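# Reading the structure
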Amino acid sequence: MKRFVAVLVLLLVVLAPAQALQITDDRGITVTLPQTPRRIVSLLPSLTETVCELGECKRLVGVDRYSNYPAFVRSLPQAGGGIDPNIEAVVALRPDLVLMATSSRGVQRLEALGLKVVALEPKSSADVQRVMGKIGQLLEVADAQRVWRVIDAGVSAAAQSLPPAAKNTRVYFEVSRGPYAAGTTSFIGETMLRLGVKNIMTPELGPFPKINPEYVVRANPDLIMVGARNAQGLEQRPGWAGIRALREGRLCVFTAEESDVLVRPGPRMAEAARIMARCIADKAGAALR
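Anyway, here's the lowdown on the structure attached to this text.

Each value, and the rule that gives it
- Residues numbered from 1 in each chain as written.
- Predicted model: local features only at pLDDT ≥ 70, side-chain atom pairs only at ≥ 80, totals over all residues.
- Heavy atoms only, no water.
- Helix = DSSP H or I, 4+ residues; strand = E, 2+ residues; numbered from the N terminus.
- Expected span 1.5 Å × (residues − 1).
- Buried < 20%, exposed > 50% of the residue type's maximum accessible area, 1.4 Å probe, protein only.
- 1 Å grid on protein atoms, 1.4 Å probe; cavity = no way out; pocket = protein on both sides within 12 Å on 5 of 7 lines; lining within 4 Å.
- Points joined across faces, edges and corners; volume = space filled by probe spheres on them.
- Nonpolar A, V, L, I, M, F, W, Y, C, P; charged D, E, K, R; others polar.
- Axes fitted to C-alpha atoms, helices over the stretch in contact; angles between N-to-C directions.
- Parallel < 35°, antiparallel > 145°, perpendicular 65-115°, else oblique.
- Left-handed = near helix turned anticlockwise from the far one by under 90°.
- Contact = heavy atoms within 4.5 Å.
- Disulfide = S-S within 2.5 Å.
- Core = buried A, V, L, I, M, F, W, Y, C linked by side-chain atoms within 4.5 Å.

## Side note on helix 5 (residues 125-139)
- The end-to-end C-alpha distance of helix 5 is 21 Å, a good match for the 21 Å that 15 residues give at a rise of 1.5 Å each.
- For helix 5, the full list of buried residues reads Ser125, Asp127, Val128, Val131, Met132, Lys134, Ile135, Gly136, Leu138 and Leu139.

## Details of the layout of surface pockets
- Reported here for the largest pocket is a volume of approximately 1,000 Å³.
- In terms of lining, the largest pocket is formed by 38 residues, of which the most central are Leu44, Pro45, Val175, Val263 and Arg264.
- Counting only elements with at least two residues in the lining of the largest pocket, the list comes to helix 2 (45-53), strand 7 (170-176), helix 7 (187-195), strand 10 (223-227), helix 9 (228-231) and helix 11 (256-262).
- When residues of the lining of the largest pocket are assigned to their parent elements, the largest contribution, four residues, is made by strand 7.
- Looking at the lining of the largest pocket residue by residue, the classes come out as 18 nonpolar, nine polar and 11 charged.

## A closer look at the packing of helix 2 against helix 5
- Where helix 2 meets helix 5, the axes come as close as 10 Å, and the angle between the chain directions of the two elements is 55°. With respect to their mutual orientation, helix 2 and helix 5 come out oblique. Handedness of the helix 2/helix 5 crossing: right-handed. Contacts between helix 2 and helix 5 pair Leu47, Thr50 and Val51 from the former with Val131, Met132, Ile135 and Leu139 from the latter.
- Residues of the contact of helix 2 with helix 5, tallied by class, amount to six nonpolar, one polar and no charged.

## A closer look at the state of the cysteines
- Per the counting criterion, the structure on display carries two disulfides.
- Disulfide partner of Cys52: Cys57, at an S-S distance of 1.8 Å. Taking the sign of the torsion about the S-S bond as the criterion, the disulfide between Cys52 and Cys57, at about 85°, is right-handed. Residue Cys52 shares its accessibility class with Cys57, and that shared class is buried.
- Across a sulfur-sulfur distance of 2.0 Å, Cys252 and Cys279 are joined as a disulfide pair. Of note, the bridge from Cys252 to Cys279 carries an S-S torsion of about 105° and is right-handed in sense. You can see Cys252 sitting in strand 11 (residues 251-254) and its partner Cys279 sitting in helix 12 (residues 269-288), a full 27 residues away along the chain.
- With a relative accessible area of 7%, Cys252 lands in the buried category.
- Take Cys279: its relative accessible area is 6%, and that puts it in the buried class.
- Ordering the disulfide-forming cysteines of the chain by sequence position, one finds them joined as 1-2, 3-4.

## Digging into empty space enclosed by the protein
- If you walk through the whole model with that rule in mind, you get three cavities of 30 Å³ or more.
- The computed volume of the largest cavity comes to approximately 50 Å³.
- In terms of lining, the largest cavity is formed by Phe187, Ile188, Thr191, Val261, Leu262, Arg264, Arg268, Met269, Ala272 and Met276.
- For the lining of the largest cavity, the elements supplying multiple residues, two or more each, are helix 7, helix 11 and helix 12.
- Each residue belonging to the lining of the largest cavity can be placed in one class, and the counts come to seven nonpolar, one polar and two charged.

## Concerning the environment of Ala256
- Within the secondary structure, Ala256 is located in helix 11.
- Relative accessible area serves as the criterion here: at 31%, Ala256 is assigned to the partly exposed category.

## A closer look at the nonpolar core
- One finds Phe173, Met225 and Ile280 to be the most contacted residues of the largest nonpolar core, which totals 59 residues.
- Top element by residues in this core is helix 12. It accounts for nine residues.
- Of all hydrophobic cores here, the second largest spans 16 residues; its members include Met201, Tyr215, Val226 and Ile243.

Now the structure itself:
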């Protein structure tokens, strides 16, 4: 009799319908999924990287044109950009979940076509930690927060690697043309703070403010960080030739690969901290000893 009961219980477990998943995304919308998603389209590089870091790259069936890490995702079909996704291409991939930014123009269109969309857009370190937890919940990955603990320890180690002379260096970090800067409340700005340098942006400007180039002239930073895509012609900007950082050669120009690491709020944030720390030690530390 006991054996019969045990077999019956096992059958009930196997045959029971998968439990529905519910998650509230960054729009405040609660999305219900009938089961753990198996076919995912990710339209934001940081979300793509998070899925893979949690060991679930195999669930991805499509990505945006900028998702290029890890190498596995480069072989996946591309479905346009994160802001301007190719709706037809996304639908053709038959996803049971689409991960995308809240700022994307395609969210409502995809939902109108019956697709499940979870919109997540991390901007601060706390956002990154929260988003990792939510994606871990979606994928039913136990202890997704282990990734955050590794990131946090890596950033701390990068900060400890800096020479004392490099501390309090006044830094301007240009994220993209516009120019758009990394504000103090962005994940980049928060990393700068942990590294012990001073961001020339002020908190009220927000995480990624579009600024007047004259702002940088007035602030006169000790060090400028910029990607190679944006570095050309800095000295030709009105008044910039006299900025201390440019005048004294304290400029870090990051490769395209380094820039990808630096501007993505995801699993490679510890690597980003190490890249920034090397820049600060090489350019600012030596000059300020």
